[in-house]
Amino acid sequence: RHQSARSAALFADNIPPAVYDSLVQTVRSNLGEMHRYMELRKKILGLDELHMYDIYVPLAEDVKWVIPFPEAVAMLKNGVAVMGDSYVEILSRGLDSRWVDLYERKGKTGGAYCDSIYGVHPFLLLNYQDNLDSAFTLAHEMGHALHFYFSSQEQPFIYSHPAIFTAEVASTVHESLLMEHLLQTTSDRERKIYLINYYLEIFRGTLFRQTMFAEFEKIIHEKAENGEALTSHFLKEAYRELNTAYHGEGMVVDAEIDMEWARIPHFYDAFYVYKYATGLSAAVSLVRQILTKGKPAVDGYLSFLKKGGSDYPLNLLQEAGVDMASPQPVQDAINRFSGLLDEMEGLI
Ligand SMILES: [Zn+2]
């Protein structure tokens, strides 16, 4: 018998509840950085009052940045060059040998996806448009593709498919490598603001917001487990308190936000969203190590890809160089977020 709904949900990936608590605690103790972002937003947008809907307004002037597919491929290859020649060679081979269904056409499904057929190779569905979003989607899905490629090469069928917990680390490592490369090589001020805005929003949406969701889930499940009723009044109040704590004094939390939880489909798949936050943290931490330590970190990461689903996610990540039971990866991610805020402050 599980002690709570949460430990039942974490059981499949063998994740100790302490990992979940450590995520919440580390994000909580760094909420000042999120508040700083909100204050910066308010300043850049020139507002007297910042409301929740102002979060979604771009901080850069409308940047026209057309990125045709060959250019996105070149960017990605440069971004992942640090992984070594044979890695880049496999990536090129995949892109040159029809792994990808690239453009929109009539009757084709939307979105983007990667899956792999054991013994064949990975396949990607994209709907590429010539912009930065699509370039990042390409990076993301190729991250999955390389993961699947290596794990299929090295593992028997039953261990070849990684768990979501680790699969989304590989895709996010690719996105982060591309982003760090673009930040390094972009000198145009508007484009740089655009990139930093893009990356800050990833941290806000994936690390801070999903951790806030994770806290909300924990609170409401505990309430139900204590035999108390989940009234709409309680749900609204709990959600409001979290939003106020996470966004800080600079944010006017309007009454409408109290009901936002009702439209978050993930709450019906309990204790799932924390994986977005741990996944981003692990990826940012790995990228920091890859870019600062070079070969030893790259080797650790490649062996993580090759292990596929042959061990529990935390063991695999530990071998790659991130210990999710410690606050370090989440702290690494928050430190990167702070660095971006500094850079943005310097640019405006
Ligand atoms: Zn993905």
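These notes cover the structure that comes with them. (Residues numbered from 1 in each chain as written. Predicted model: local features only at pLDDT ≥ 70, side-chain atom pairs only at ≥ 80, totals over all residues. Heavy atoms only, no water.)

**Describing the overall build of the protein**
Per the secondary structure count, the protein includes 13 helices and five strands. Computed over C-alpha atoms, the radius of gyration of the protein comes to 21 Å, within 12% of the 20 Å expected from 2.2 N^0.38 for 348 residues, which places it in the range of a compact globule. With respect to the principal axes defined by its C-alpha atoms, the protein has extents near 55 × 55 × 45 Å. Expressed as a percentage of the 348 residues in the protein, the buried residues total 53%. Within the protein, contacts between residues at least 6 apart in sequence are counted, and of these 73% link residues at least 24 apart. When the accessible surface of the protein is split by element, carbon and sulfur atoms take 51% of a total near 16,000 Å². Between the averaged position of the 31 positive side-chain charges in the protein and that of its 47 negative side-chain charges there is a distance of 2 Å. (Helix = DSSP H or I, 4+ residues; strand = E, 2+ residues; numbered from the N terminus. Rg over C-alpha atoms; globule rule 2.2 N^0.38 Å. Buried < 20%, exposed > 50% of the residue type's maximum accessible area, 1.4 Å probe, protein only. Contact = heavy atoms within 4.5 Å. Areas by Shrake-Rupley, 256 points an atom, 1.4 Å probe, with all protein chains shown as cover. Lys, Arg positive; Asp, Glu negative; His and termini not counted. Charge placed at Lys NZ, Arg CZ, Asp CG, Glu CD.)

**Description of the sheet that holds strand β2 (residues 100-101)**
Spatially, three strands are ordered β2-β4-β3 in an open sheet, and the strand pairing comes out mixed. Since the sheet does not close on itself, it has two edges, and those belong to β2 and β3 (113-116), each with one partner. Where β3 meets strand β4 (residues 122-125), four bridges bridge the pair, whose relative direction is antiparallel. Across the sheet, Tyr113 pairs through a bridge with Leu125, a residue of β4. Each of β3 and β4 touches helix α6 (residues 132-154); the most contacted strand, β3, lies at about 5° to it. (Pairing = 2+ DSSP bridges. Axes fitted to C-alpha atoms, helices over the stretch in contact; angles between N-to-C directions.)

**Let's talk about the packing of helix α7 (residues 164-185) against helix α12 (residues 313-320)**
For the pair α7 and α12, interaxial distance at closest approach is 9 Å and the crossing angle is 35°. In this structure, α7 contributes Phe165, Thr166 and Val169 to the contact, and α12 contributes Pro313, Leu314, Leu316 and Leu317. Of the residues contributing to the contact of α7 with α12, the split by class is six nonpolar, one polar and no charged. (Nonpolar A, V, L, I, M, F, W, Y, C, P; charged D, E, K, R; others polar.)

**Considering the coordination of the zinc ion**
The zinc ion binds to the protein through His140 (NE2), His144 (NE2), Glu168 (OE) and Glu168 (OE); the donor distances cover 2.1 to 2.5 Å. Within one chain, the residues donating to the zinc ion are spaced in sequence as H-x3-H-x23-E. In this pair, His140 is assigned in helix α6 and Glu168 in helix α7, connecting sequence segments 28 residues apart. (Donors = N, O, S within 2.8 Å, 3.2 Å for Na, K, Ca; no water.)

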